[in-house]
Amino acid sequence: DGIRDRDVTGVQTCALPIWRRPRVLFVTANLNAGGAQRSLVNLALELVGRVDLRIAVTGESSSDHFSRQLETAGVAHFRIAASRDCFDHAQVLLAHLASSPADWVCFWNVDAKINLLLVKWLASMPIKLAEVSPGAYLFDELAVRRDFQHFIAFDEGEYFARLDGMVNKYPAPLPPGI
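All values reported here derive from a predicted model rather than from experimental measurement. (Residues numbered from 1 in each chain as written. Predicted model: local features only at pLDDT ≥ 70, side-chain atom pairs only at ≥ 80, totals over all residues. Heavy atoms only, no water.)

A. Focus on the overall build of the protein chain. When you go through the protein chain residue by residue, the secondary structure sums to seven helices and eight strands. Put simply, the protein chain has 178 residues, and 38% of those count as buried. Within the protein chain, contacts between residues separated by at least 24 positions form 70% of all contacts whose residues are at least 6 apart in sequence. (Helix = DSSP H or I, 4+ residues; strand = E, 2+ residues; numbered from the N terminus. Buried < 20%, exposed > 50% of the residue type's maximum accessible area, 1.4 Å probe, protein only. Contact = heavy atoms within 4.5 Å.)

B. View of the layout of surface pockets. In this structure, the largest pocket occupies an estimated 270 Å³ of space. If you go around the largest pocket, you meet 14 residues; those closest to its centre are Thr58, Gly59, Arg84, His89 and Asp111. Its residues assigned to classes, the lining of the largest pocket shows four nonpolar, six polar and four charged. In this structure, the second largest pocket occupies an estimated 180 Å³ of space. Every residue lining the second largest pocket is listed: Gly35, Ala36, Ser39, Trp108, Asn109, Val132, Ser133, Pro134, Val167 and Lys169. Of all the elements in the fold, those that place two or more residues in the lining of the second largest pocket are helix H1 (35-47) and strand S7 (128-133). Counting residues per element, the lining of the second largest pocket draws most heavily on H1, which supplies three residues. Split into classes, the residues belonging to the lining of the second largest pocket amount to five nonpolar, four polar and one charged. (1 Å grid on protein atoms, 1.4 Å probe; cavity = no way out; pocket = protein on both sides within 12 Å on 5 of 7 lines; lining within 4 Å. Points joined across faces, edges and corners; volume = space filled by probe spheres on them. Nonpolar A, V, L, I, M, F, W, Y, C, P; charged D, E, K, R; others polar.)

C. View of the packing of aromatic side chains. A complete count under the given rule lists six aromatic pairs for this structure. Note on Phe139 and Phe160: the rings are 5.7 Å apart at their centroids and 55 degrees apart in plane angle, and the pair reads as tilted. Of this pair, Phe139 sits in helix H5 (residues 137-143) while Phe160 is found in helix H7 (residues 156-162), placing the two residues 21 residues apart along the sequence. The burial state of Phe139 is the same as that of Phe160; both residues are buried. A network of ring pairs unites the aromatic residues Phe87, Phe148 and Phe151 as a single cluster. Between the NZ or CZ atom of Lys113 and the centre of the ring of Phe148, over which it lies, the distance is 5.3 Å. (Phe/Tyr/Trp six-rings, centres within 6.5 Å; stacked < 30°, edge-to-face > 60°. Lys NZ or Arg CZ within 6 Å of the ring centre and 35° of its normal.)

D. Just the pattern of salt bridges, in detail. Evaluation of the coordinates by the stated rule reveals seven salt bridges. Where Arg68 meets Asp64, a salt bridge forms, and the shortest distance between an N and an O atom there is 2.6 Å. The exposure class assigned to Asp64 is partly exposed, which follows from its relative accessible area of 45%. A network of salt bridges, in which partner residues are shared, links Asp111, Glu141 and Arg145. (Salt bridge = Lys/Arg side-chain N within 4 Å of Asp/Glu carboxyl O.)

E. Region of the structure containing the packing of H1 against helix H2 (residues 65-73). Closest axis-to-axis distance for the H1/H2 pair is 10 Å, and the angle between their directions is 5 degrees. In terms of orientation, H1 and H2 fall into the roughly parallel class. From H1, Gln37, Arg38, Val41, Ala44 and Leu45 reach across to H2, where they touch Phe66, Gln69, Leu70 and Ala73. Taken together, the residues that form the contact of H1 with H2 break down as six nonpolar, two polar and one charged. (Axes fitted to C-alpha atoms, helices over the stretch in contact; angles between N-to-C directions. Parallel < 35°, antiparallel > 145°, perpendicular 65-115°, else oblique.)

F. Fine view of the sheet that holds S7. A sheet is described by the order of its strands in space; here six strands give the open sequence S5-S4-S3-S6-S7-S8, paired in parallel fashion. With one partner strand each, in any of the chains shown, strand S5 (76-79) and strand S8 (165-168) form the two edges of the open sheet. Strand-to-strand twist across the sheet, computed as the mean angle between neighbouring axes with direction ignored, equals 15 degrees. Packing against the sheet, H1 makes contact with strand S3 (23-28), strand S4 (52-57) and strand S6 (104-108), and its axis sits at approximately 165 degrees to S3. (Pairing = 2+ DSSP bridges.)

G. The arrangement of empty space enclosed by the protein in detail. With the rule as written, the count across this model stands at one cavity of 30 Å³ or more. The volume enclosed by the largest cavity comes to roughly 40 Å³. Of all the elements in the fold, those that place two or more residues in the lining of the largest cavity are S7 and H5. Top contributing element to the lining of the largest cavity by residue count: S7, with three residues. Tallied by class, the residues present in the lining of the largest cavity amount to four nonpolar, three polar and one charged.

It is worth stressing that arrangement in space is one thing and function is another; only the former is reported here.
Here's what the structure looks like:
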């Protein structure tokens, strides 16, 4: 159904809803020839044409195999920053989202510090957030980052509360309180 309204002549009109492809930004550590990245590339290749898809890479990739596959399929992918500093990466991602908005940001095997910062900074924005993890890896990674969570005044409970979706490849019990 469209939105019904009356134009100035008193004739009832119907505005048709506008559909567009969802805009998704995947954030990953690298495009190395490994399991997590293979899964991401396979998913990206399946989504071509159905989703406005971009992949942001936080680290260096030791092989260009996946990068070439993405390029051939027309999937935009880019290295975020040469720095290894999580604040640099989160800041570049935030600037990228400001200039090239997304409906979803999906973290795919990324340093938990980057995830925490970006999720905290995106708290008031209408962007949906998802986390993909091989299992307990994310929970373990967050547990060892508790000092960092205290430092930025944003803990794993707040992180999980803000997520709109989470995928674990392997079963993993949720941490207490989540």
